[in-house]
Amino acid sequence: MTAVTDHTDHADHPGDDEGREGSGSVHARVEDDFVTDHKDALKKDPGNKAFGKRDPGRKDPGKKDVGKKDAVKGGVRSESRMFGLLRVEIGDEPEKPASRGDTDGSDGLAGLDGKGRVDGMPGAEAADSGVAWDDGLIARRVSATAEGHARPVKEAVVDSRPPVVTPLAYDGSLRSRLDALRELVGLSRTRLDSRTLAEAGQVLDEATARRRLSGQHTVVAIAGATGSGKSQLFNALAGVAISETGVRRPTTAAPIACSWSDGAASLIDRLGIPGRLRRRPLQSAEAEAQLRGLVLVDLPDHDSAAVQHREQVDRILALVDAVIWVVDPEKYADAVLHERYLRPMAGHAEVTFVVLNQIDRLPGEAADQVLDDLRRLLDEDGIALGEYGEPGATVLSLSALTGDGVAELREVLGHFVAERGAAARRISADVDAAAARLWPVYANRRQAGLTEEARDEFADRLADAVGATAAGEAAERAWRRNANRACGTPWLRLWRWYEDRREPPTGRLAVRTHADEEATARQRVEQAVRTVAEQAAGGLPTPWAQAVREAAVRGSQGLCEALDELALRAGAPVGRPPRPGWWPVAVLAQAAMTILQAVGGLWLLGQVVGFMSPNLGVPVLLMVIGIVGGPGVEWACRLAARGPARRYGLEAERRLREAASGCGRARVLDPLAAELLRYREVREQYLRVTGVGV
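Residues numbered from 1 in each chain as written. Predicted model: local features only at pLDDT ≥ 70, side-chain atom pairs only at ≥ 80, totals over all residues. Heavy atoms only, no water.

1. A closer look at the overall build of the protein chain
Defined as follows: Each helix is a run of H or I in the DSSP string that is no shorter than four residues. Each strand is a run of E no shorter than two, and both are numbered from the N terminus. Think of it in three bands: with a 1.4 Å probe and only protein chains considered, a residue is buried below 20% of the maximum accessible area for its type, exposed above 50%, and partly exposed in between. Note on contacts: a residue pair qualifies if any of its non-hydrogen atoms lie within 4.5 Å across the two residues. To measure how exposed things are, a 1.4 Å probe is used in the Shrake-Rupley method; for residues, cover is taken only from the protein chains shown.
Counting its regular elements, the protein chain contains 20 helices and 16 strands. Looking at the protein chain as a whole, 45% of its 694 residues qualify as buried. By sequence separation, contacts in the protein chain at least 24 residues apart represent 74% of the contacts at least 6 residues apart. Total accessible area computed for the protein chain in this model is approximately 35800 Å², and 54% of it derives from carbon and sulfur atoms.

2. Here we look at the packing of aromatic side chains
Using the following cut-off: Put simply, two rings from Phe, Tyr or Trp (the six-membered ring, in Trp's case) pair if the centres are within 6.5 Å, and we call them stacked under 30 degrees between planes, edge-to-face over 60, tilted for the rest.
Under the defined criterion, the tally for this structure stands at five aromatic pairs. Here the aromatic rings of Phe353 and Phe416 are separated by 5.0 Å at their centres, their planes lie at 85 degrees, and the arrangement is edge-to-face. On the criterion of sequence distance, the pair formed by Phe353 in strand 15 (residues 352-356) and Phe416 in helix 11 (residues 406-418) is long-range, its members being 63 residues apart. Phe416 shares its class with Phe353; the two are buried. Grouping aromatic residues by their ring pairs yields a cluster made of Tyr442, Trp544, Tyr679 and Tyr686.

3. Brief notes about a nonpolar patch on the surface
The criterion, for reference: Each patch is built from salt-bridge-free residues with over 30% relative accessible area, joining like charges within 9 Å and nonpolar side chains (Val, Leu, Ile, Met, Phe, Trp, Tyr) within 5 Å. For salt bridges, the criterion is a side-chain nitrogen of Lys or Arg within 4 Å of an Asp or Glu carboxyl oxygen.
Together, Leu602, Leu605, Val608, Val609, Phe611 and Met612 give the surface a local cluster of nonpolar side chains, amounting to about 680 Å² of exposed area. In this structure, Phe611 sits in the loop between helix 19 (583-608) and helix 20 (617-690). You can call Phe611 exposed: its relative accessible area is 70%.

4. Looking at helix 13 (residues 452-466)
Quick reminder of the rule: Expected helix span is taken as 1.5 Å per residue step, with the number of steps being one fewer than the number of residues.
For helix 13, built from 15 residues, the straight-helix expectation of 21 Å at 1.5 Å per residue is met to within 8% by its first-to-last C-alpha distance of 21 Å. For helix 13, the set of buried residues is Ala454, Phe458, Ala459, Leu462, Ala463, Ala465 and Val466. At the C-terminal side of helix 13, Gly467 shows a positive phi close to 75 degrees.

5. Digging into the sheet that holds strand 13 (residues 294-298)
What holds strands together in a sheet is hydrogen bonding between their backbones, with the strands either parallel or antiparallel. Definition in use: Strands were regarded as paired on the criterion that DSSP finds at least two bridges between them. Whenever a helix is involved, its axis is fitted only over the stretch in contact; in every case the axis is a line through C-alpha atoms, and angles between N-to-C directions fall within 0 to 180 degrees.
Read across the open sheet, the seven strands follow the order 12-11-13-10-14-15-16; overall the sheet is mixed. This sheet does not close on itself; its edge strands, each paired only once, are strand 12 (278-279) and strand 16 (394-397). Note that strand 11 (residues 256-259) and strand 12 share two bridges and pair parallel. Opposite Cys258, over in strand 12, you have Arg279 as the bridge partner. Contacting strand 10 (218-224), strand 11, strand 13, strand 14 (322-327) and strand 15, helix 5 (residues 230-238) crosses the sheet at an angle of about 155 degrees to strand 13.

6. Considerations on the environment of Pro671
You can see Pro671 is positioned in helix 20. Separated by 120 residues in the primary sequence, Pro671 and Ala551 have C-alpha atoms spaced 6.0 Å apart.

7. Topic: the pattern of salt bridges
Side chains carrying opposite charge are able to pair once their charged atoms draw close together. This model, assessed by the stated rule, comprises 29 salt bridges. Across the pair Arg522 and Glu561 runs a salt bridge, and its minimum N-O distance is 3.0 Å. One end of the pair, Arg522, is in helix 16 (residues 514-537); the other, Glu561, is in helix 18 (residues 559-571), with 39 residues separating them in the sequence. By relative accessible area, which is 38% here, Glu561 ends up partly exposed. Shared partners join several salt bridges into a network, and the residues in it are Glu350, Glu419 and Arg425.

8. Focus on the pairing of strand 11
Rules: The crossover handedness rule: strands pointing away from the viewer, path from first strand over the helix to second strand clockwise, crossover right-handed.
On strand 11, burial covers both faces: Ile256 and Cys258 on one face and Ala257 and Ser259 on the other are all buried. For strand 11 and strand 13, the ladder comprises four bridges, and the chain directions are antiparallel. Residue pairing for strand 13: Ala257 is matched across the bridge by Val297. A crossover links strand 11 with its parallel partner strand 12, the connecting element being helix 6 (residues 265-271), and its sense is right-handed.

9. Some details on unusual backbone geometry
The phi angle of most residues is negative, glycine excepted, and most peptide bonds adopt the trans form. Positive phi outside glycine occurs at Gln358, with the angle close to 65 degrees. Secondary-structure assignment places Gln358 in the loop between strand 15 and helix 10 (366-380). On the basis of relative accessible area, Gln358 is assigned to the buried category, the value being 13%. With a phi close to 60 degrees, Arg420 is a non-glycine residue in the positive phi region. Along the chain, the position of Arg420 falls in the loop between helix 11 and helix 12 (422-442).

10. A closer look at helix 17 (residues 542-556)
Note the cut-off: Each C-beta atom gives one direction from the helix axis, and the arc is the one those directions make.
Here helix 17 contains 15 residues, and its C-alpha end-to-end distance of 21 Å stays within 8% of the 21 Å for a straight helix at 1.5 Å per residue. Along helix 17, the residues classified as buried are Trp544, Ala545, Ala547, Val548, Ala551, Ala552 and Gly555. An end-on view of helix 17 places all buried positions within 160 degrees of arc, on one side of the element. Gly558 sits one or two positions beyond helix 17 and adopts a positive phi of about 80 degrees.

11. A word on the environment of Ile256
With respect to the helices and strands, Ile256 occurs in strand 11. Through-space distance from the C-alpha of Ile256 to that of Ile273 is 7.0 Å; in sequence the pair is 17 residues apart. Ignoring sequence-local partners within four residues, the contact set of Ile256 consists of Phe234, Ile242, Ser243, Leu277, Arg279, Leu296, Val297 and Asp298.

12. Regarding the packing of helix 3 (residues 172-188) against helix 12
What counts here: The handedness criterion is simple: a crossing whose near helix is rotated anticlockwise from the far helix by less than a right angle is left-handed, and one whose near helix is rotated clockwise is right-handed. Charged residues are taken to be Asp, Glu, Lys and Arg, nonpolar residues to be Ala, Val, Leu, Ile, Met, Phe, Trp, Tyr, Cys and Pro, and polar residues to be all remaining types, Gly included.
Taken N-terminus to C-terminus, the directions of helix 3 and helix 12 make an angle of 35 degrees; their axes are 11 Å apart at the nearest point. You can see that helix 3 and helix 12 cross each other, and the crossing is left-handed. Where helix 3 approaches helix 12, its residues Leu174, Arg177, Leu178, Leu184 and Ser188 are matched on the opposing element by Ala424, Ile427, Ser428, Val431, Asp432, Leu438 and Tyr442. By residue class, the composition of the contact of helix 3 with helix 12 is eight nonpolar, two polar and two charged.

13. Details of the state of the cysteines
Heads up, the rule is: The definition used for a disulfide is geometric: two cysteine sulfur atoms within 2.5 Å.
This model, assessed by the stated rule, comprises zero disulfides. We note that Cys560 lacks a disulfide partner, and the nearest cysteine sulfur, in Cys663, lies 9.5 Å from it. Looking at Cys560, the relative accessible area reads 9%, which means it is buried.

14. Brief notes about the side chain of Ser399
As a reminder of what qualifies: Any pair of N or O atoms that falls within 3.5 Å is considered a polar contact. Within protein, one atom must be able to donate a hydrogen and the other to accept it, and sequence-neighbouring residues count only if both atoms are side-chain atoms.
Here Ser399 lies in the loop between strand 16 and helix 11. A distance of 3.0 Å separates the side chain of Ser399 from the side chain of Thr402, its partner in a polar contact. Not counting residues within four places of it along the chain, the set of residues in contact with Ser399 comprises Asn357, Gln358, Ile359, Asp360, Asp404 and Val406.

In short, geometric facts, not functional conclusions.
In structure tokens, the structure reads:
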């Protein structure tokens, strides 16, 4: 008998039966109804004449003829599918036994002897004992007759339905951080350039893509320099020669994936590894139970002379869940490894393994000394070492050639994969790295924002620009002038009227041209806007400080014209100033003083012309009272008018200040406050991303 399997389809695609979950379980159904029917037919047709024959001109609707004829070591291989099941028949010459270490497609016969036995068992016993072909293919044992024709004896039927894949689930803390990062990117798109947010956006995309894939698998890449022995370690972990090794450099030209269980097809598809480069490890119940869920990827050399090799390494390292760095005693301190990979990925220590290979080349205690020096270099790179139960990188020493230390690495990998937490830790480390690179654009040096003193200073500057103080003083003088006119003596008012008519107003007031006043006001407004913008931007990161300044500049456009209109509306008094209650009394008193002067004067005049009897005392007294009382009443009115005039001027100044402040607040301060509020929001989201606000 000869057992035949095709090793070219080791791709873990949906529908393949690559190592079903459950060690030791048999996933092939032996002798189903289809097989039983044909065994009955064989009994009726011992010559096997009718079995397997079909009319080439007729197609059976229940079967799909693959129509393949492959030369299998001198034989003919035909395939047909019925009800989703694969049938393989091989005839002509019996196949020669294949070696276990063959990697060109014959490694699928590992565990078979030359007579079709599995681990020393006869063919029939192997079939009856339930030994399953757990390499993702359907294996069939055939028995060659003396005439050289193939006769099927057992059929292994495998369900072609794809395995159920459980998607990855993030914990609440990581979900909160990812949501905060997504909100942070959304709030910052209009303030930061796309290059600054590119890495954060990539982290979000990769986190979303990884969450949709299997959470029961852990993708671990084996990376290293030329000649470090990473492919040899890859083969040692798989238990079979999968990845090519040799002295030719570079040996590994493309990444090769090896999966210990089903359901990893989408994960490997994400890495861009084609089906021809997907393998399965040596079938062992113990190894499968220990490393179930592991997807191991052998990468090309990170220091390869071929550029495409280095590009593949960088691309896949950004997608895997964990990395095993393989170093050798000669190049463990290579600057390219430490500066380009280990140091930038120091935050990924919990998903990093550093393996010192080829310790068989070191005599005596040299291996421990090199391992200690390697730990020292990793510590200088900022990589936390997972020692004494602390989270961090795992550092081991082994020899892939002799197998020394490989079992320890396999055990550590088994515990690491069984935790099912590598993918989440990798995403969390990516978020930490993105947050660290975004720190310069979100972290402020001091408390940002506008203080009340800054706001009041800005309002005062605008008030000075519109002349609020001068307007208040002018209103106060106008009130006093009206009071003097109402309460002054008639003779003094007549004199002032005469002076006003005699002298032009330019002789007493310093009149400036409108152009000079407008230029001065514009300069004051611009200076006020620049000052408040600098105060608001103080301590902010450069992009947000620039956004604050731009908002202030946009608000200052048209501010001068708006202030001029407000000054005209709010600065000019409406109608005459209000009169206090004592004003009519003062007017009557001043009129009485004038009447006394007139009576006394007329009395004296009548005595002079002889119309009245001479009596100088009374008329002179009346005239003195009128002459002295008039100025006295005016002086008293001035004293009484100071308070109302001052209040009137302050009220006019207040109205103009409030108008100017409102205009400045609407055009400048509110946009600045909006920018500062947006920054505070992104700052809170950034703190949540870093884990502080979670």
